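Descriptive analysis of the structure
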Amino acid sequence: MSHEDDQVRIVDCDAVEPAELQDSRPEVVEANPVDARTALLTHLLKRVNVSSTSARLGCFAGASIDACKRCVRQDSMRRVAVTGIGVVSPLGNSPARAIENAFAGRSGIRSLDVAFAHRLRAPLGASVQFDGALHFDIPKLRMLDRFSLFALFAANQAMAEAGGVTHELDCSRAGVFIGNGMGGTHSMDDGYQTLYGEKSDRIKPFTILLGMTNAAAAWIGIEHEFRGPVPTYSTACSSSAVAQANDAVESAAIEVVFGLRAHRIPMSATKAMHGHLLGAAGALECVLSLLAMKRSVALPTMHLQEPDPQCDLDYVPNVARHGLAIRTMLSNSFAFGGANAVLVLRA
């Protein structure tokens, strides 16, 4: 691993000679897939210098061993400064409201206010309470799916907080990088309902523009006149709430990387408060991590009553922990399909 100019290099399994590859990869016991994934996750975590600002890792929870072996890739990351934050979430529609509710352990999970709620066995969900009409005029509302409303409102918050940082920005070099799970599902669902439910022979003319996965990024670019790259990443979500085995794998990897010190490092899981947000999960968890670090607080893991015997670390159960000297945080996102990331955050 090189650490020149604060960049991290992870060995690319497809680009090195067999002998080098053999030396650069941990020994894997094929008989136990969980142990194998733990070993590979540990290997990549060890290869990241935690003092650097960010690094992206790939491949673990639920992926096959062969896929894990081939996913280690070369990647360089420069330092990224966070100058502004915006939030639209079940915990609140501003950074201040979201972090205060997280500190208090308040739940964003509530009864669903939808027409089909009465048909659900458990009509609960982590829905966002957001009225776009309070923030956007009617013509623009007609062009924005609900997910684009969230993204544009949060982006406006972040730009406002950044303030003078962007005043002399070269817009030809300013880009928008958005990650989301499924795009404009509300607009697509309306289209299907019109076609198949109402037996209509036509749908709203802007259905595709509203529902396309890159709509949010496009609108932010248009709104703020950014003319650089505007890519959209749709790489599932964080899967730490999916299977207990993943919690055990992550805990085991952390113990190997940090040794005995792992038991003295507070670790929080916030999904019990804000639900599983799919494409937005990693973003909100990163925001909560940054704000918690800024205020010297470890967020609570709510409703943790009986930990898995294989999970024996400090998970900050049920009550936030204040007055901690925090300089570095890891934000782990392990997604469906193996598109995973570990963000290293420094104050």
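Throughout this document, residue positions are counted from 1 along each chain, in the order its sequence is written. Reporting of local features is limited, given that this is a predicted model, to residues whose pLDDT is at least 70; pairs of side-chain atoms are given and counted only at 80 or more, and all residues count toward the totals for whole chains, interfaces and linings. Only hydrogens and water are set aside when side-chain values are computed; all heavy atoms of the structure are taken into account.

**Some remarks on the overall build of the protein**
What counts, and what does not: We count a stretch as a helix when DSSP gives it H or I for four or more residues in a row; a strand needs E for two or more, and each element gets its number in order from the N terminus. Whether two residues touch is decided by their heavy atoms; if any such pair falls within 4.5 Å, the residues are in contact. Accessible surface area values rest on a Shrake-Rupley calculation with a 1.4 Å probe, where residue burial reflects the displayed protein chains alone.
Counting its secondary structure elements, the protein contains twelve helices and six strands. Here the analysis covers contacts within the protein between residues at least 6 apart in sequence; of these, 67% occur between residues at least 24 apart. Summed over all atoms, the accessible surface of the protein reaches about 19,200 Å², with 53% contributed by carbon and sulfur.

**Description of a nonpolar patch on the surface**
We count it as follows: A residue counts toward a patch only above 30% relative accessible area and without a salt bridge, and it is joined to like-charged neighbours within 9 Å or, for Val, Leu, Ile, Met, Phe, Trp and Tyr, to nonpolar neighbours within 5 Å. Any Lys or Arg side-chain nitrogen found within 4 Å of a carboxyl oxygen on Asp or Glu counts as a salt bridge.
A surface patch of nonpolar side chains, about 400 Å² in accessible area, is lined by Tyr192, Leu195, Tyr196 and Ile203. Counting through the fold element by element, leucine 195 comes out in helix H7 (residues 185-197).

**Observations concerning unusual backbone geometry**
Note on backbone geometry: most residues besides glycine have negative phi, and most peptide bonds are trans. The condition that has to hold: Only protein chains enter the accessibility calculation, which uses a 1.4 Å probe. A residue is then buried if its area is under 20% of the maximum for its type, exposed if over 50%, and partly exposed in between.
Although it is not a glycine, lysine 199 adopts a positive phi angle of roughly 55°. Turning to its location among the elements, lysine 199 is positioned in the loop between H7 and helix H8 (207-211). The exposure class of lysine 199 is exposed, given its relative accessible area of 67%. At glutamate 225, a residue that is not glycine, the phi angle is positive and equals roughly 60°. Of note, glutamate 225 is situated in the loop between helix H9 (215-224) and strand E4 (232-233).

**Side note on the nonpolar core**
As a reminder of what qualifies: Put simply, buried Ala, Val, Leu, Ile, Met, Phe, Trp, Tyr and Cys residues joined by side-chain atoms within 4.5 Å make one nonpolar core.
Grouped together as the largest cluster of nonpolar side chains are 25 residues, with contacts concentrated most on Leu288 and Leu299. Counting residues per element, the ones that place at least two in this core are helix H4 (95-104) and helix H12 (281-294). Element by element, the count of residues in this core is highest for H12, at nine residues. Contacts of leucine 299, omitting those with residues within four sequence positions, involve Ile99, Ala102, Phe103, Ser268, Thr270, Leu288, Ala292 and Val316. One finds Ala151, Ala155, Val176 and Ile220 within the second-largest nonpolar core, a separate group that totals 23 residues.

**Topic: the packing of H4 against H12**
In a pair of packed helices, the angle between the axes and the distance between the axes together describe the arrangement. Our working definition: Working convention: axes come from line fits to C-alpha atoms, limited for helices to the stretch in contact. Angles between N-to-C directions cover 0 to 180 degrees. The cut-offs work like this: below 35 degrees is roughly parallel, past 145 is roughly antiparallel, 65 to 115 is roughly perpendicular, and the gaps in between are oblique.
At their nearest, the axes of H4 and H12 sit 10 Å apart, and the two run at 75° to each other. As the angle between them shows, H4 and H12 are arranged roughly perpendicular. Along the contact surface, H4 presents Pro95, Ala98, Ile99, Ala102 and Phe103, while H12 presents Leu288, Leu291 and Ala292.

**Notes on H12**
Since the α-helix advances by 3.6 residues per turn, residues separated by three or four positions end up pointing in the same direction. Rule in force here: Every helix has an expected span of 1.5 Å times one less than the residues it contains.
Spanning 14 residues, H12 covers 20 Å between terminal C-alpha atoms, matching the ideal 20 Å at 1.5 Å per step. Counting buried residues in H12 gives eleven out of 14 residues, a clear majority hidden from the surface. Those residues of H12 that sit buried are Ala281, Leu284, Glu285, Cys286, Val287, Leu288, Ser289, Leu290, Leu291, Ala292 and Met293. At its buried positions, H12 is contacted by H4, helix H11 (271-274), strand E5 (328-333) and strand E6 (341-346). Residue serine 296 follows H12 closely and has a positive phi angle near 60°.

**A closer look at H9**
Taking burial as the measure, the ten residues of H9 include seven buried ones, the bulk of the element. The inward-facing, buried residues of H9 abut helix H5 (138-141), helix H6 (146-162), strand E3 (178-179), H8 and E4. Immediately downstream of H9, the backbone of glutamate 225 shows phi near 60°, a positive value.

**Regarding the environment of histidine 303**
Mapped onto the elements, histidine 303 comes out in the loop between H12 and E5. The spatial distance from the C-alpha of histidine 303 to the C-alpha of alanine 272 is 7.2 Å, given a sequence separation of 31 residues. Once residues lying within four places of it in the same chain are set aside, the contact partners of histidine 303 are Ala272 and Asn318.

**Regarding the environment of threonine 207**
To be explicit about the condition: Here a polar contact is recorded for every N or O atom pair within 3.5 Å, except that within protein the pair must consist of a potential hydrogen donor and a potential acceptor, and residues adjacent in sequence are included only if both atoms are side-chain atoms.
With respect to the helices and strands, the residue threonine 207 is situated in helix H8. Distance in space between the C-alpha atoms of threonine 207 and methionine 188 is 6.7 Å, their sequence separation being 19 residues. Polar contacts involving the side chain of threonine 207 include one to the main-chain carbonyl oxygen of lysine 204, which spans 2.9 Å.

**A short note on the pattern of salt bridges**
For the structure on display, the rule yields five salt bridges. Among the salt bridges present, the one from glutamate 100 reaches arginine 295, with a minimum N-O distance of 2.4 Å. Highlighted residues: glutamate 100 in helix H4 and arginine 295 in the loop between H12 and E5, separated in sequence by 195 residues. Overall, arginine 295 belongs to the partly exposed group, its relative accessible area being 37%. One salt bridge in this structure joins glutamate 285 and lysine 271, with 2.6 Å as the shortest N-O distance.

**Some thoughts on the packing of H6 against H9**
Defined as follows: Working rule for handedness: look at the near helix, and if it is turned counterclockwise from the far one by less than a right angle, call the crossing left-handed; if clockwise, right-handed.
Between H6 and H9, whose axes approach to 9 Å, the crossing angle comes to 40°. Classified by the angle between their axes, H6 and H9 sit oblique to one another. H6 and H9 meet at a crossing whose hand is right-handed. Residues Phe147, Ser148, Ala151, Leu152, Ala155, Asn156 and Met159 of H6 touch H9, and the partners they reach there are Ala215, Ala216, Trp219, Ile220, Glu223 and His224.

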